[in-house]
Amino acid sequence: MGKRTKKVVGAKANRWKRWWSYFSEYHVESAASAINPHLYVSLRNGRYQLCSANAVYSYEDLYTNFARAFQQIDLPPDGASVLLLGFGLGSIPQILEQKLRKKYQYIAVELDESVLYLAQKYTLPQLKSPIETICADAYAYVLQSQEAFDLICMDVFLDASIPNRFQSTLFLDHLKALLVSDATLLYNCLSVTAEDRAAARFFFEEAFKIVFPAATYLDVGGNWILVGKCKDSNFSRVE
């Protein structure tokens, strides 16, 4: 009886926190790491949000960058393999599974052990999809991997910026090599300020379109999602 009472009280406390989060952000846990010195989870609008000092890494189904992008592309059929580069709390599989009712198999590559710890604690238990999480540098993973995927979501940020090596044509070439025929790459770029948009456009024109000549981009409000397709041009795996 004592254990049951404790569980009920805990459930009520959790409901209260979610209710309060619609009025004011509720801090849940900090988990600073060498990679992200200011990393924390909070509840906001009833959802878990993962933030660094200057960026939102994850926000459940309100992570609108990819939610809006998914509504504008042809998603692969159920059973598809999806590569996630940068995981956060798992907003991408949450949106695909719970909002769009897609049944995919995921490999998620995340550099920060603290991020994976927080995801395992707060959001992964809610998901039914098979998700293999790998604690590794996404750049090294892409250059070494020999697997193939139906969809790749590139969402690697260090605070509010994308490390330069992830914007090289070498990295993009290897990303393209991981796409099966007619598969899609979604690449998240910041576009909040005029400076952000200029940088995103430069990367899109001077690197992304070199590798994906028929590429497009989706303005999803505060970010651009660059869209590349494997079938854009003849391409063989990079050795």
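This section reports on the structure supplied with the text. Not measured: the values here are computed from a predicted model.

Cut-offs and rules
- Residues numbered from 1 in each chain as written.
- Predicted model: local features only at pLDDT ≥ 70, side-chain atom pairs only at ≥ 80, totals over all residues.
- Heavy atoms only, no water.
- Helix = DSSP H or I, 4+ residues; strand = E, 2+ residues; numbered from the N terminus.
- Buried < 20%, exposed > 50% of the residue type's maximum accessible area, 1.4 Å probe, protein only.
- Disulfide = S-S within 2.5 Å.
- Phe/Tyr/Trp six-rings, centres within 6.5 Å; stacked < 30°, edge-to-face > 60°.
- Polar contact = N/O pair within 3.5 Å; in protein donor to acceptor, adjacent residues only side chain to side chain.
- Pairing = 2+ DSSP bridges.
- Core = buried A, V, L, I, M, F, W, Y, C linked by side-chain atoms within 4.5 Å.
- Contact = heavy atoms within 4.5 Å.

### Let's talk about the environment of P77
Thought 1: Among the secondary structure elements, P77 is positioned in the loop between α2 (64-70) and β5 (81-85).
Thought 2: Since its relative accessible area comes to 60%, P77 is described here as exposed.
Thought 3: Distance from P77 to D173, taken between C-alpha atoms, is 25 Å for residues 96 residues apart in sequence.

### Some words on the state of the cysteines
Thought 1: Going through the model one piece at a time under the given rule, you end up with zero disulfides.
Thought 2: C153 supplies the cysteine sulfur nearest to C135, a cysteine that is in no disulfide, at a spacing of 20 Å.
Thought 3: C189 takes part in no disulfide bond, and the closest cysteine sulfur to it belongs to C153, at a distance of 13 Å.
Thought 4: Its relative accessible area of 2% is what places C189 among the buried residues.

### Regarding the packing of aromatic side chains
Thought 1: Throughout the structure, instances matching the rule amount to 14 aromatic pairs.
Thought 2: Ring centres of F166 and F171 lie 5.1 Å apart, and the angle between their planes is 85 degrees; on these two criteria the pair is classed as edge-to-face. Summarising the burial analysis for this pair, F166 and F171 share the class buried.
Thought 3: Clustering of aromatic rings is evident, with ring pairs tying together Y187, F203, F204, F208, F212, Y217 and W224.

### Overview of the side chain of S145
Thought 1: As for its position among the elements, S145 is in the loop between α5 (138-144) and β8 (149-154).
Thought 2: Among the residues examined, S145 registers a relative accessible area of 9% and is labelled buried.
Thought 3: At 3.2 Å, the side chain of S145 forms a polar contact with the backbone nitrogen of E147.

### So, the pairing of strand β7 (residues 131-135)
A regular strand places its side chains on the two faces of the sheet in alternate fashion.
Thought 1: Two elements, strand β6 (residues 105-110) and β7, share five bridges in a ladder whose sense is parallel. Among the inter-strand pairings, I107 is bridged to a residue of β7, identified as E132.

### A closer look at the nonpolar core
Thought 1: If you look at the biggest cluster of nonpolar residues, it comprises 76 residues, and the most contacted ones within it are F70, L85, Y187 and F208.
Thought 2: Those residues in contact with L85 that sit more than four places away from it in its chain are V109, A138, V142, I152, C153, M154, D155, V156, F171 and L175.

### Observations concerning the environment of V56
Thought 1: Turning to its location among the elements, V56 is positioned in strand β4 (residues 56-58).
Thought 2: Relative accessible area serves as the criterion here: at 40%, V56 is assigned to the partly exposed category.
Thought 3: Linking V56 and L39, residues 17 residues apart in sequence, is a C-alpha distance of 9.9 Å.

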